[in-house]
Amino acid sequence: MFKLNLKIALRNLWKYKGYTAINIFGLSIGLASCILIFIFVNYQLSFDKDYANGDRIYRVVSSWKYADGNDFKSAGVPLPLAAAMRNDFSQFEHVAAIQQSGGIIKVNATATKSEIKDSETLFYAEPEFFKIFNYKWLAGDAGTALTSPNTIVLSEKTAKKYFGDWKKALGNSINFDATKDFKVTGVIKDNPQNSSFPLHVVMSYASYNNRNMKHWGSVSSSSECYILLKKGINPSELDNTLKQFIKKYYVDNGPGKESHHFQALNDIHHNDDYGNFSGLITPYKQIIGLAIIGLFLLITACINFVNLATAQAISRSKEVGVRKVMGSRRNQLIWQFLSETALITAISILLACVISELTLPKMENLFGGDVNFNLFGDPLIFIFLMALLVLVSFLAGLYPALIMSGFSPALAIKNKVLANAGGVGLRKTLVVVQFAITAVLIVSTLVVIKQMSYIRNKSLGFDTNAIALINLPYDSLSLTKHNTFKERILNINGVKNLSFNTSAPSSGNNNETNFSYNSSKDADFQINVKPADDGYIKTFGLSLLAGRGLSISDTIKEYVVNETLLKKLNIKKPEEAIGKTLKLWGKPGPIVGVVKDFNNYSLHEAIAPIAIFSRKKNYETVAIKLEKNEMVATLKKIEQAFNSTYPDYVFENNFFDEDLKGYYETERIMGTLFKVFAGVVIFISFIGLFGLISFVATQRTKEIAIRKVLGASNFELVKMLNSSFLWMVLIANLVAWPVAYIFVSKWLSSFQYRTDLSIWPFIVAMLASISITVFTVSLRSYRAAKANTIDALKYE
């Protein structure tokens with residue numbers, strides 16, 4: 001029976017090869033898009049899933065609530081917290097602190113290898129970290145590798161880079177920041193790409209020194225703490241113990257009420273409230289949005305199939321009648337038609353796999369970095385493909401099968417099946433749904449493009465062009481060389497200005513602290529601090545509203561503040577703040593200037609109250625404003641000056657405007673995907689509509705011929721065939737507009753600063769839908785109108 005069904009299916013597909021081609025091509029494009037979306041979604045959901053005790057691993061995170069209603073969250077914790085939790089919580093199997101840092105790694109030359117000097121992001125970790133996370137050890141032991149000071153563990157890739165072969169790394173020494181030698185006591189397997197822990201160099205936590213090791217009032221996002229719960233313990237059972245813990249250690253009555261909670265490991269990659277060491281975050285809302293687009297694509301492709309299949313139902317009525325007279329039961333006919341659908345779907349999936357494989361390199365380029373997607377790298381993809389085969393076969397084939405198998409044999413053989421037996425009402429409904437989906441995606445894409453253009457063009461309150469940011473060593477010896485380095489740089493042609501600072505005006509390196517204004521009492525909110533020298537305002541083009549910039553100083557002597565600080569302090573005029581006393585970290589000083597507000601975070605977040613002041617020991621970066629037409633030559637000279645001034649360090653340069661683009665990487669990727677997949681939906685709708693109007697025109701050949709004989713012009717015939725489809729498109733847009741409005745409004749609400757939502761994207765979506773319909777229908781209906789009337793009328 002299967003062989004017979006297959007043979008009949010192949011014959012019918014060949015008989016209607018034009019419509020078969022439309023169905024296969026439309027389905028394959030839609031299914032290829034679904035496969036690509038599935039690969040991406042599956043990759044994002046696989047982050048941090050490789051650890052044996054993943055369901056019991058949690059990160060301790062911090063939050064503060066302020067009287068003004070603002071909340072502040074951080075992945076960091078106070079440095080003494082890990083030891084205190086290890087002592088106070090009996091429910092924890094292991095507790096481990098890990099600290100992100102950086103520095104210069106130097107490996108001495110050997111007989112076969114030259115000296116290596118490299119700037120590395122590195123981590124200090126307690127030995128318990130590797131008891132919580134079950135890394136595979138190629139050399140050394142998780143229990144002993146980091147127990148002693150001045151010991152270091154390398155990843156396989158890093159060990160190979162430094163020693164040529166990871167097997168040669170164990171027992172060798174690595175110099176760090178030209179001050180200490182660390183002994184390699186272990187080599188771990190490289191982390192997979194889908195990990196929030198880019199651990200390449202891990203040093204013993206016993207080697208880490210910080211003045212805040214016993215201070216509970218200081219939190220840095222670089223200081224994280226992980227716990228492994230004992231089996232059978234639920235995090236909700238820890239609430240009371242955690243409250244007692246906070247009450248015990250947080251005795252300081254600051255303006256913000258501090259608390260902690262336990263964040264599950266599987267939430268780290270998807271929660272943009274906290275961030276992670278890898279800097280890779282894909283919120284669930286982005287994944288869900290992409291999955292919805294995939295569903296839209298699948299529905300659109302299936303709608304094409306259902307429309308064509310139901311339209312073809314009448315032409316196959318005699319076949320159904322004959323088969324029923326010969327004894328075929330209805331369920332046999334249903335299986336026959338489902339077999340045809342399954343065959344088309346199977347062919348489409350094979351073609352979709354080919355399209356997906358050819359498209360994957362482009363998708364990898366879109367995401368950048370070292371991301372590699374593999375079509376058949378995960379067994380789950382085979383399950384997904386089989387699920388697609390079954391789902392699409394039934395979704396697209398069941399209704400047409402029920403329609404055709406239900407024909408009356410007597411009427412079918414006489415070819416008297418009614419014209420609407422193929423489901424005219426359903427076809428119209430499906431065309432409306434298809435174009436509603438198209439309109440929603442067009443509106444969404446236009447709004448995303450407009451918002452990204454707004455982000456690119458919006459003034460952030462500072463200059464971003466041709467500013468090089470160079471990392472500086474900030475040990476005591478290097479700090480003494482700042483003036484010498486500054487003189488050398490300013491003497492280079494092509495350098496306009498220079499500023500030593502902790503971070504640029506807009507940066508991921510934001511620190512907030514308590515402060516007081518003209519009083520001994522702390523304010524009820526925190527202030528964002530930006531240590532910088534006297535050249536900061538000029539280098540970054542900040543606008544002074546009142547007073548002056550900072551004078552030359554190595555320590556805190558005076559402050560420059562922004563408008564937002566004054567607003568939160570209820571100061572109406574910038575001039576009123578000049579001369580008033582600001583105090584932070586126990587250092588009082590007068591406010592000497594007020595700058596116009598600038599965005600210190602991304603446009604997703606509001607501008608913070610800011611204080612700029614001099615503090616040389618915090619300067620980690622030098623910002624250099626360059627002449628645009630001489631940047632390449634100037635940077636080479638800057639690098640030479642850096643290397644001669646700081647011979648033990650590595651020159652690293654980033655351009656400020658490039659750093660800012662990274663804030664909106666997710667939006668850039670999603671915008672590109674929206675444009676691509678909206679284009680795919682439009683294309684699928686186009687070929688589906690072309691197939692449908694082709695069949696309608698064929699069914700109405702005699703009607704068109706009779707109208708021509710009676711005097712109808714080609715224009716009138718084209719207009720007649722267009723009118724019904726245009727009404728459906730207009731209804732589709734009316735349905736789509738409220739849905740699209742809700743969707744884009746919610747997306748825009750995630751930006752603190754956003755473009756206005758006007759009616760134009762909706763109008764453009766409607767005009768695009770009408771244009772596609774008019775072009776497609778007119779193209780095919782004009783051909784039908786031009787056909788020879790004699791050929792259409794001579795057959796009975």
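It should be noted that the structure appears before, not after, this text.
Residues numbered from 1 in each chain as written. Predicted model: local features only at pLDDT ≥ 70, side-chain atom pairs only at ≥ 80, totals over all residues. Heavy atoms only, no water.

**Student:** I'd like a rundown of helix α18 (residues 631-645), residues and numbers included.
**Tutor:** Helix length check: α18 (15 residues) gives 21 Å between terminal C-alpha atoms against 21 Å at 1.5 Å per residue, within 8%. Three or more residues of α18 are buried, namely Thr-634, Leu-635, Ile-638, Ala-641, Phe-642 and Thr-645. Buried residues in α18, looked at end-on, bunch into an arc of 120°, giving them a common side. In α18, those exposed residues whose orientation departs by more than 90 degrees from the buried face are Val-632, Lys-636 and Gln-640. Its buried side turned inward, α18 meets β12 (467-471), α14 (482-490), β13 (495-501), β22 (621-626) and β23 (653-655). (Helix = DSSP H or I, 4+ residues; strand = E, 2+ residues; numbered from the N terminus. Expected span 1.5 Å × (residues − 1). Buried < 20%, exposed > 50% of the residue type's maximum accessible area, 1.4 Å probe, protein only. Arc of directions from axis to C-beta. Contact = heavy atoms within 4.5 Å.)

**Student:** Give a detailed account of the packing of α14 against α18, specifying residues and quantitative values.
**Tutor:** Axis separation between α14 and α18 bottoms out at 10 Å; the angle between their running directions is 160°. Relative to α18, the element α14 is oriented roughly antiparallel. Crossing angle aside, the handedness with which α14 passes α18 is right-handed. Touching Phe-485, Arg-488 and Ile-489 of α14 are Ile-638, Ala-641, Phe-642, Ser-644 and Thr-645, all from α18. Considering only residue class, the contact of α14 with α18 consists of five nonpolar, two polar and one charged. (Axes fitted to C-alpha atoms, helices over the stretch in contact; angles between N-to-C directions. Parallel < 35°, antiparallel > 145°, perpendicular 65-115°, else oblique. Left-handed = near helix turned anticlockwise from the far one by under 90°. Nonpolar A, V, L, I, M, F, W, Y, C, P; charged D, E, K, R; others polar.)

**Student:** Can you break down the side chain of Arg-59 residue by residue, with the values?
**Tutor:** Mapped onto the elements, Arg-59 comes out in strand β1 (residues 57-66). You can call Arg-59 buried: its relative accessible area is 0%. Within the structure, Arg-59 has its side chain in polar contact with the side chain of Glu-224 (distance 3.1 Å). At 2.7 Å, the side chain of Arg-59 forms a polar contact with the side chain of Gln-263. Contact partners of Arg-59, with chain neighbours within four places excluded, come to Ala-75, Glu-224, Cys-225, Tyr-226, His-261, Phe-262, Gln-263, Ile-268, Tyr-274, Gly-275 and Asn-276. (Polar contact = N/O pair within 3.5 Å; in protein donor to acceptor, adjacent residues only side chain to side chain.)

**Student:** So what about helix α22 (residues 714-748)? Which residues, and what values?
**Tutor:** With 35 residues, α22 should cover 51 Å at 1.5 Å per step; its first-to-last C-alpha distance of 47 Å lies within 8% of that length. Remark: the principal bend of α22, roughly 30°, maps to Ser-723. (Bend = angle between axes of the 7 residues up to and from the residue.)

**Student:** Quick rundown of the sheet that holds β12? Include the residues and the values.
**Tutor:** Taken together, the four strands give an open sheet; going across it, the order is β13-β22-β12-β23, and neighbouring strands pair in antiparallel fashion. Pairing within the sheet leaves two strands with one partner each, and these edge strands are β13 and β23. Neighbouring strand axes in the sheet, compared pairwise and without regard to direction, differ in orientation by 25° on average. Looking at chain direction, β12 and β22 are connected through five bridges and run antiparallel. Bridge pairing in β22 places Leu-469 opposite Ala-623. (Pairing = 2+ DSSP bridges.)

**Student:** Tell me about the packing of aromatic side chains, and please be specific about residues and values.
**Tutor:** Per the counting criterion, the structure on display carries 34 aromatic pairs. With a centroid separation of 5.7 Å and 70° between ring planes, the pair formed by Tyr-559 and Phe-613 is classed as edge-to-face. Taken together, the positions of Tyr-559 in strand β18 (residues 559-562) and Phe-613 in strand β21 (residues 610-613) put the pair 54 residues apart, joining distant regions of the chain. Assigned by exposure class, Tyr-559 and Phe-613 land together as buried. Here a set of aromatic residues connected by ring pairs shows up, and it is made of Tyr-51, Phe-129, Phe-130, Phe-133, Tyr-135, Trp-137, Phe-197 and Tyr-226. (Phe/Tyr/Trp six-rings, centres within 6.5 Å; stacked < 30°, edge-to-face > 60°.)

**Student:** If you had to explain the pattern of salt bridges to someone new, which residues and values would you point to?
**Tutor:** Here the structure, examined in full by the defined rule, presents eleven salt bridges. Here Glu-115 and Lys-106 are joined by a salt bridge, their closest N and O atoms 3.7 Å apart. Judged by its relative accessible area of 27%, Lys-106 is partly exposed. Where Glu-120 meets Lys-161, a salt bridge forms, and the shortest distance between an N and an O atom there is 3.1 Å. (Salt bridge = Lys/Arg side-chain N within 4 Å of Asp/Glu carboxyl O.)

**Student:** Please set out a nonpolar patch on the surface residue by residue, giving values where relevant.
**Tutor:** Residues Phe-25, Leu-351, Val-354, Leu-358 and Phe-683 make up a contiguous nonpolar surface patch of about 440 Å² in total accessible area. It is helix α9 (residues 330-367) that contributes the most residues to the nonpolar patch, three residues altogether. Accessibility expressed as a relative area gives 32% for Phe-683, which makes it partly exposed. (Patch = residues over 30% accessible without salt bridge, like charges linked within 9 Å, V, L, I, M, F, W, Y side chains within 5 Å. Areas by Shrake-Rupley, 256 points an atom, 1.4 Å probe, with all protein chains shown as cover.)

**Student:** For the nonpolar core, give the residues involved together with the corresponding values.
**Tutor:** Within the largest apolar cluster, 53 residues are counted, with the highest numbers of intra-cluster contacts made by Phe-462, Phe-540, Leu-542, Ile-612 and Phe-656. With sequence-adjacent residues up to four places away left out, Phe-540 is seen in contact with Phe-462, Asp-463, Ile-467, Leu-469, Asn-501, Ala-504, Pro-505, Ala-623 and Phe-656. One finds Ile-39, Leu-290, Met-363 and Leu-366 within the second-largest nonpolar core, a separate group that totals 45 residues. (Core = buried A, V, L, I, M, F, W, Y, C linked by side-chain atoms within 4.5 Å.)

**Student:** Provide a residue-level description of the pairing of strand β19 (residues 581-584), including the pertinent values.
**Tutor:** Alternating positions in β19 separate cleanly, Leu-582 and Leu-584 being buried on one face and Thr-581 and Lys-583 remaining unburied on the opposite face. Alignment of strand β15 (residues 516-517) against β19, held across two bridges, turns out to be antiparallel. When the sheet's bridge partners are listed, Tyr-517 is paired in β19 with Leu-582. Pairing between β19 and strand β20 (residues 587-595): four bridges, direction antiparallel. Residue pairing in the sheet places Lys-583 in a bridge with Pro-588 of β20. The turn joining β19 and β20, which pair antiparallel and follow one another in sequence, is formed by two residues; a positive phi near 55° is taken by Trp-585.

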